[in-house]
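Analysis of the macromolecular model
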Amino acid sequence: MRPGEQIRYTAFWIRDILGGAPIRKNLNDISFMIEKADAETAGRMRDQRINDLLEHASGHVRFYSRFKAATRLEDFPVVNKSLIKENFDDFIADNIERDQMVSVTTSGSTGTPFTTLQDKRKKDRNYADTLFYAGLAGYKPGHRLIYLKIWVEQKMKSRKLYRLQNFITVDVIKFNDREIGELINQVESDHSTFGILGYASALEAICKFLDYRGTSAIKANIKSVIAISETLNHYTRDGIRRHFGIPVVSRYSNLENGIIAQQLCDDDSLRYLLNTASYNAEILKLDSDEAAADGELGRIVVTDLFNFAVPMIRYDTGDIGALERDEFNRERQFLSVVEGRKLDLLYDTSGNLISSYLVYKNMWQYTEIDQYQLIQETKTRYTFKINIRVPFTKERMLIDEFKSFLGRDADFRIEYVTEIPLLASGKRKKIVSRLNDSRN
């Protein structure tokens with residue numbers, strides 16, 4: 001680390017020590033719980049945390065008061081964002097002062113706002129989770145962080161504070177070629193050690209810009225690249241390695257909980273290491289609350305073990321995944337796949353569920369496309385929107401390829417557009433479903 005970075009690193013941990021070392025204590029706990037997941041001590045600690053949460057919720061949260069006799073996690077109901085939002089006051093603990101809670105608001109991937117509350121213990125845990133998983137990707141406190149996301153002026157801290165934290169805030173809403181070029185010039189002229197954290201689509205835009213410019217490798221000291229919020233495609237994964245010389249990992253998280261899982265740099269399987277230190281994760285069947293088998297695609301349901309202000313017990317994230325266990329350590333768990341929102345799943349013309357990864361996997365062949373979006377209009381009709389700067393010569397190839405897994409009887413149409421609009425969340429959906437519940 002450079003001298004200035006070392007000073008920031010040391011100052012960060014001195015502040016933590018002066019405050020009672022909550023971050024360091026949580027970080028040590030997370031490391032132990034994940035790395036020694038099969039240890040008897042870790043198992044007892046995990047069980048105790050679940051029991052403590054259930055007792056707290058049934059004794060101090062109105063919604064859970066009828067479950068005082070319940071002794072198992074499975075005895076509690078599965079909840080979701082809509083249920084919590086409609087009955088929010090019933091989910092707030094009555095033994096924690098409101099001024100000790102922090103409000104967290106997310107727009108959600110569909111732009112629907114959702115607000116929850118977190119206590120200080122949870123905020124400290126989230127901070128430590130962030131450091132642990134960022135550290136697995138190569139980031140350390142003191143590195144200069146380029147943060148690519150939608151920045152809402154009213155919700156931003158002071159710019160002076162971001163400078164003190166060594167952040168470069170980049171708003172993806174205005175992330176055009178000029179903005180990308182200026183960012184690359186800034187990085188190449190700065191001798192700092194960098195980390196990059198941002199939407200997968202923003203990383204993709206950087207790779208496309210560098211490919212169009214014919215740039216081979218960035219002359220900068222970049223130690224970590226983490227993609228958030230959207231699926232990371234093969235083109236971007238390859239482009240980051242070519243241009244930055246390091247692997248990129250994808251993180252699975254949400255604002256209402258925190259970091260749930262993240263890929264590992266040295267794991268070619270691209271599976272996500274579950275944060276079993278801070279959450280209990282279940283994969284439930286798509287059409288019931290029955291547990292899905294290992295490897296079976298189902299709903300990702302998490303229990304937040306550290307937020308006692310608004311307990312989220314068996315919270316349906318709205319996302320889809322499949323559970324995989326370590327061959328040598330059964331308590332070390334992974335998500336072998338993380339799919340998009342339940343409402344945005346893709347079906348073939350026969351009504352069979354199709355993995356959205358088939359779409360992302362095949363798009364590496366069409367690097368000339370700047371943006372795309374696949375819309376399932378009806379059971380058999382699909383619209384593929386394309387934003388491209390040059391004439392598209394692979395239209396027939398693309399149609400044939402998509403029909404090969406959607407169905408030869410698919411009414412598959414290509415529509416050329418000048419822009420795929422951002423959602424309120426600042427993201428672009430790659431897959432949109434307009435099917436109703438009966439899928440007709």
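In this report, we go over the structure that sits alongside the text. The structure presented is a predicted model; accordingly, all values stated were derived computationally and were not measured.

Our focus in this paragraph is the packing of helix α2 (residues 22-35) against helix α3 (residues 40-60). Two numbers describe how α2 lies on α3: the axes approach to 9 Å, and their chain directions differ by 115 degrees. Taken together, the axes of α2 and α3 lie roughly perpendicular to each other. In this structure, α2 crosses over α3, and the sense of that crossing is left-handed. Contact residues: Asp29, Phe32 and Met33 in α2; Thr41, Ala42, Met45, Arg46 and Arg49 in α3. Across the contact of α2 with α3, the residue classes break down as 4 nonpolar, 1 polar and 3 charged.

A separate point is the nonpolar core. Formed by 42 residues in total, the largest nonpolar core has its most connected members in Ile146, Leu148 and Ile206. The element that contributes the greatest number of residues to this core is helix α8 (residues 200-213), accounting for 7 residues. Here Ile146 is in contact with Ile168, Val170, Leu183, Val187, Phe194, Gly195, Ile196 and Leu197, once residues within four sequence places are set aside. Among the nonpolar cores identified, the runner-up in size contains 40 residues, and Leu54, Leu274, Ile300 and Ala309 belong to it.

Per the counting criterion, the structure on display carries 16 aromatic pairs. Plain terms: the ring middles of Tyr372 and Phe384 are 5.6 Å apart, the flat faces sit at 10 degrees to each other, and that makes the pair stacked. Within this pair, whereas Tyr372 is found in strand β16 (residues 369-376), its partner Phe384 is found in strand β17 (residues 381-388), the two being separated by 12 residues in sequence. Taken as a pair, Tyr372 and Phe384 share a single burial class, namely buried.

Here the structure, examined in full by the defined rule, presents 27 salt bridges. The residue Lys430 makes a salt bridge to Glu204 at a minimum N-O spacing of 3.4 Å. With Lys430 in the loop between β18 (411-416) and β19 (431-433) and Glu204 in helix α8, this pair connects stretches of sequence that are 226 residues apart. Using a relative accessible area of 15% as the deciding quantity, one classes Lys430 as buried. Linking Asp289 and Arg299 is a salt bridge whose minimum nitrogen-to-oxygen distance equals 3.0 Å. Of the two residues, Asp289 is situated in the loop between β10 (279-284) and β11 (298-304) and Arg299 in strand β11; the sequence distance between them amounts to 10 residues.

Helix length check: helix α5 (residues 120-137), at 18 residues, gives a terminal C-alpha distance of 26 Å against a target of 26 Å (1.5 Å per residue), a fit within 8%. Along α5, the positions that sit buried rather than exposed are Lys122, Asp124, Arg125, Asn126, Ala128, Asp129, Leu131, Phe132, Tyr133, Ala134 and Ala137. Remark: Gly138 follows α5 within two positions and exhibits a positive phi of approximately 115 degrees.

One can find Met1 in the segment before α1 (3-18). When its relative accessible area of 42% is taken as the criterion, Met1 is described as partly exposed. C-alpha of Met1 to C-alpha of Lys140: the two residues are 139 residues apart in sequence and 9.3 Å apart in space.

A word on unusual backbone geometry. Backbone geometry places Ala21, a non-glycine residue, at a positive phi of 60 degrees. Judged by its relative accessible area of 15%, Ala21 is buried.

A rise of 1.5 Å per residue sets the reference length of helix α11 (residues 395-406), with its 12 residues, at 16 Å; its end C-alpha atoms lie 16 Å apart and thus fit the reference within 8%. Regarding α11, the residues found buried are Leu398, Ile399, Glu401, Phe402, Phe405 and Leu406. Viewed end-on, α11 has its buried residues packed into an arc of 165 degrees, placing them on one side of the element. Looking one or two places after α11, you find Gly407, whose phi comes out positive at around 125 degrees.

So, about the pairing of strand β5 (residues 193-199). β5 sits mainly inside the fold: 7 of its 7 residues count as buried. By the bridge criterion, 5 bridges tie strand β3 (residues 144-149) to β5 in an arrangement that is parallel. In the sheet register, Arg144 faces β5, and the bridge partner there is Phe194. As paired elements, β5 and strand β6 (residues 221-228) share 7 bridges and run parallel to each other. Within β6, the position partnered with Thr193 by the bridge is Asn221. Crossover connection from β5 via α8 to parallel β6: handedness right-handed.

Before going further, it helps to spend a moment on the sheet that holds β17. The strand order across the open sheet built from 4 strands is β18-β17-β16-β19, with neighbouring strands paired in mixed fashion. Looking at strand neighbours, the two that pair on one side only are β18 and β19, the edges of this open sheet. The mean inter-strand angle of the sheet, taken between neighbouring strand axes irrespective of direction, is 20 degrees. The strands touched by α11 are β16, β17 and β18; relative to β18, the strand with the most contacts, the crossing angle is about 140 degrees.

Attention now goes to the pairing of β6. Counting buried positions over the 8 residues of β6 gives 6, a clear majority of the element. Pairing analysis gives 2 bridges linking β6 to strand β7 (residues 249-254), with the strands arranged parallel. When the bridges of β7 are listed, Ala227 appears paired with Ser250.

The next thing to look at is the state of the cysteines. All told, the structure shown has 0 disulfides when counted by the stated rule. With no disulfide of its own, Cys207 lies closest to Cys265 among cysteine sulfurs, the gap being 16 Å. With a relative accessible area of 0%, Cys207 lands in the buried category.

Definitions and cut-offs
Residues numbered from 1 in each chain as written. Predicted model: local features only at pLDDT ≥ 70, side-chain atom pairs only at ≥ 80, totals over all residues. Heavy atoms only, no water. Axes fitted to C-alpha atoms, helices over the stretch in contact; angles between N-to-C directions. Helix = DSSP H or I, 4+ residues; strand = E, 2+ residues; numbered from the N terminus. Parallel < 35°, antiparallel > 145°, perpendicular 65-115°, else oblique. Left-handed = near helix turned anticlockwise from the far one by under 90°. Contact = heavy atoms within 4.5 Å. Nonpolar A, V, L, I, M, F, W, Y, C, P; charged D, E, K, R; others polar. Core = buried A, V, L, I, M, F, W, Y, C linked by side-chain atoms within 4.5 Å. Buried < 20%, exposed > 50% of the residue type's maximum accessible area, 1.4 Å probe, protein only. Phe/Tyr/Trp six-rings, centres within 6.5 Å; stacked < 30°, edge-to-face > 60°. Salt bridge = Lys/Arg side-chain N within 4 Å of Asp/Glu carboxyl O. Expected span 1.5 Å × (residues − 1). Arc of directions from axis to C-beta. Pairing = 2+ DSSP bridges. Right-handed = clockwise from strand over helix to strand, strands pointing away. Disulfide = S-S within 2.5 Å.

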